[in-house]
Amino acid sequence: MTTTESPRDDLLRPHAEQAFAEELRLLAAADDRPRPPSWRMSPWAVVTYLLGGTLSDGTVISPKYVGPRRLMEVAVATLATDRALLLLGVPGTAKTWVSEHLSAAICGTSTLLVQGTSGTAEEAIRYGWNYARLLAEGPSTGALVSSPVMTAMRAGAIARVEELTRIPSDVQDALITVLSEKTLPVPELGTEVQAAKGFNVIATANDRDRGVNELSSALRRRFNTVVLPLPSDEDEEVAIVVRRVEQLGAALELPAVPAAAEEVRRVVRVFRELRSGLTADGRTKLKSPSATLSTAEAISVITNGLALSAHFGDGVLRAADVAGAVLGAVVKDPVADTVVWTEYLEAVVRERPDWADFYRACREVHG
């Protein structure tokens, strides 16, 4: 399997096992607790890697996920059994992020990935063929092309299936035998691939996206489901946005986040109020737009604003830098969402004296 390694400086988005290779190495070296078969570290160490902590030698492990510790403990404990893990939640609740870091910590690679779409074929989960060799040789081991799932089974590693509910139902069910029998039959060769110890599957799904294909009861029974919630309060969400924007900004060589603290909090508050349909003080009910307004979208808005301020401003994030991206995040339906946004601007934003610059910037881009 791929081992943890330092990322190249020219990579835009290193894999988790590359970006946090040193943390993974130090944590594994200090970990003296029992490890499940084929795991690189103990379940306790995996949770520490995800949530952060300080080791006995003073090494600080940065948090990768901000949320209830018990959820991560349940998720990791599931992967130590023969049950697969389904991370469920609305868009933007860090399902993919958690899936990637779990895989990196447990088996050293997060790249055994099936990306679910409406066009995902059964071969992406089972196996395919090199058709040139298939025509020349007939069915043979050399002509077989392993899927990420088959590769993970052979290696005793974690396979990831992203957006499971976007995959057609008949293709989803190709996982049933893999998850229940831990084998993948290859009838063309009269053989099968049996999973090595350590193999498991992490799937992610949400039920608010279009094109959702409900999981069959047979498949759902083979997963333990962990629901990842939205951040519980404003401070927690601000902390998540700041941390991720710092990481993205470093890769893109954008201004430091501390200069953007005020705008980060403002964007997070706008999103939380519109998402919940209620202002932060609980006094005013609001209409909610069709958009999810997730934490991930807030990160995107701030990152876009930092790029504007860096390349077309003075390097300090201001209201004018985020207004356009906020509008784009909120208004997905040009009719209904425009009404929601206009009412919010006039009833809430305009009435906040310290938000006058944000109101003017939003009116300018909104027209």
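For the structure, check the block above.
First, a word on what this report is: a plain description of the structure on this page. (Residues numbered from 1 in each chain as written. Predicted model: local features only at pLDDT ≥ 70, side-chain atom pairs only at ≥ 80, totals over all residues. Heavy atoms only, no water.)

**Quick word on the side chain of Ser99**
In step 1: Locating Ser99 in the fold gives a position in helix α5 (residues 95-107).
In step 2: In this structure Ser99 comes out as buried when scored by relative accessible area, which is 0%. (Helix = DSSP H or I, 4+ residues; strand = E, 2+ residues; numbered from the N terminus. Buried < 20%, exposed > 50% of the residue type's maximum accessible area, 1.4 Å probe, protein only.)

**Regarding the packing of aromatic side chains**
In step 1: In this structure the tally under the stated criterion is 4 aromatic pairs.
In step 2: Pairing Trp341 with Tyr344 gives two aromatic rings, centres 5.8 Å apart and planes at 25°, and the pair type is stacked. Separated by 3 residues within a single helix, Trp341 and Tyr344 lie in helix α15 (residues 336-347), roughly one turn from each other. Of the two residues, Trp341 and Tyr344, both sit in the buried class.
In step 3: Their ring planes at 85° and their centres at 5.7 Å tell us that Trp355 and Phe358 sit as a pair that is edge-to-face. Of the two residues, Trp355 and Phe358, both sit in the buried class. (Phe/Tyr/Trp six-rings, centres within 6.5 Å; stacked < 30°, edge-to-face > 60°.)

**Thoughts on the nonpolar core**
As a rule of thumb, soluble globular proteins bury nonpolar side chains together.
In step 1: In terms of nonpolar packing, the biggest core is built from 66 residues, with Val46, Leu102, Leu164 and Phe223 touching the most fellow members.
In step 2: Excluding its chain neighbours within four sequence positions, the residues that come into contact with Leu164 are Leu86, Gln172, Leu175, Ala203, Thr204, Ala205, Leu215 and Phe223.
In step 3: With 40 residues, the next largest nonpolar core counts Val245, Val301, Tyr344 and Phe358 among its residues. (Core = buried A, V, L, I, M, F, W, Y, C linked by side-chain atoms within 4.5 Å. Contact = heavy atoms within 4.5 Å.)

**Observations concerning the sheet that holds strand β10 (residues 200-205)**
In step 1: The 5 strands lie next to each other as β4-β7-β10-β3-β11, forming an open sheet whose pairing is parallel. Looking at the sheet topology across the chains shown, the edges are occupied by β4 (113-115) and β11 (223-227). Taking each pair of neighbouring strands and ignoring which way they run, the sheet shows an average axis angle of 20°.
In step 2: Strands in contact with helix α4 (residues 69-79) are β3 (84-88), β10 and β11; relative to β11, the strand with the most contacts, it is inclined by about 165°.
In step 3: Across the sheet, helix α7 (residues 148-155) is in contact with β4 and β7 (158-162); its angle to β7 comes to roughly 160°. (Pairing = 2+ DSSP bridges. Axes fitted to C-alpha atoms, helices over the stretch in contact; angles between N-to-C directions.)

**Considerations on the packing of helix α14 (residues 319-330) against helix α16 (residues 356-366)**
In step 1: Here α14 crosses α16 at 50°, and the two axes come no closer than 8 Å. Relative to α16, α14 is oriented oblique. The handedness of the crossing between α14 and α16 is right-handed. Residues Ala319, Ala320, Val322, Ala323, Gly324, Val326 and Leu327 of α14 pack against Asp357, Phe358, Ala361, Cys362, Val365 and His366 of α16.
In step 2: Residue composition of the contact of α14 with α16, by class: 10 nonpolar, 2 polar and 1 charged. (Parallel < 35°, antiparallel > 145°, perpendicular 65-115°, else oblique. Left-handed = near helix turned anticlockwise from the far one by under 90°. Nonpolar A, V, L, I, M, F, W, Y, C, P; charged D, E, K, R; others polar.)

**Comments concerning the environment of Ala159**
In step 1: Tracing the chain through its elements places Ala159 in strand β7.
In step 2: For the pair Ala159 and Leu113, spaced 46 residues apart in sequence, the C-alpha separation works out to 6.1 Å.
In step 3: Ignoring anything within four residues of it in the chain, the contact list for Ala159 reads Leu112, Pro148, Val149, Ala152, Phe199, Asn200, Val201 and Ile202.

**Quick notes on unusual backbone geometry**
In step 1: With a phi angle near 55°, Glu163 is a residue other than glycine that sits in the positive phi range.
In step 2: Within the secondary structure, Glu163 sits in the loop between β7 and α8 (169-172).
In step 3: The backbone of Lys182 sits at a positive phi, close to 55°, despite the residue not being glycine.

**Notes on the pattern of salt bridges**
In step 1: All told, the structure shown has 22 salt bridges when counted by the stated rule.
In step 2: One salt bridge connects Arg69 with Glu73, and the closest N-O pair in it is separated by 3.0 Å. Of this pair, Arg69 and Glu73 both sit in helix α4, 4 residues apart, roughly one helical turn.
In step 3: Classification of Arg69 as partly exposed rests on a relative accessible area of 36%.
In step 4: On the basis of relative accessible area, Glu73 is assigned to the partly exposed category, the value being 26%.
In step 5: Put simply, Glu273 and Arg352 hold a salt bridge, and the shortest N to O gap is 2.6 Å. Of this pair, Glu273 sits in helix α12 (residues 261-276) while Arg352 sits in the loop between α15 and α16, and the two are 79 residues apart along the sequence.
In step 6: A relative accessible area of 1% means that Glu273 is categorised as buried.
In step 7: Residues joined in a network through salt bridges with shared partners are Glu234, Asp235, Arg265 and Arg269. (Salt bridge = Lys/Arg side-chain N within 4 Å of Asp/Glu carboxyl O.)

**A closer look at α14**
In step 1: In a regular helix each residue adds 1.5 Å, so 12 residues correspond to 16 Å; α14 covers 16 Å between its end C-alpha atoms and thus fits that length.
In step 2: Most of α14 is tucked away: 9 of the 12 residues are buried.
In step 3: Restricting attention to buried positions, one finds in α14 the residues Ala319, Asp321, Val322, Ala323, Ala325, Val326, Leu327, Ala329 and Val330.
In step 4: Of the surrounding elements, those touching the buried residues of α14 are α12, α13 (295-312), α15 and α16. (Expected span 1.5 Å × (residues − 1).)

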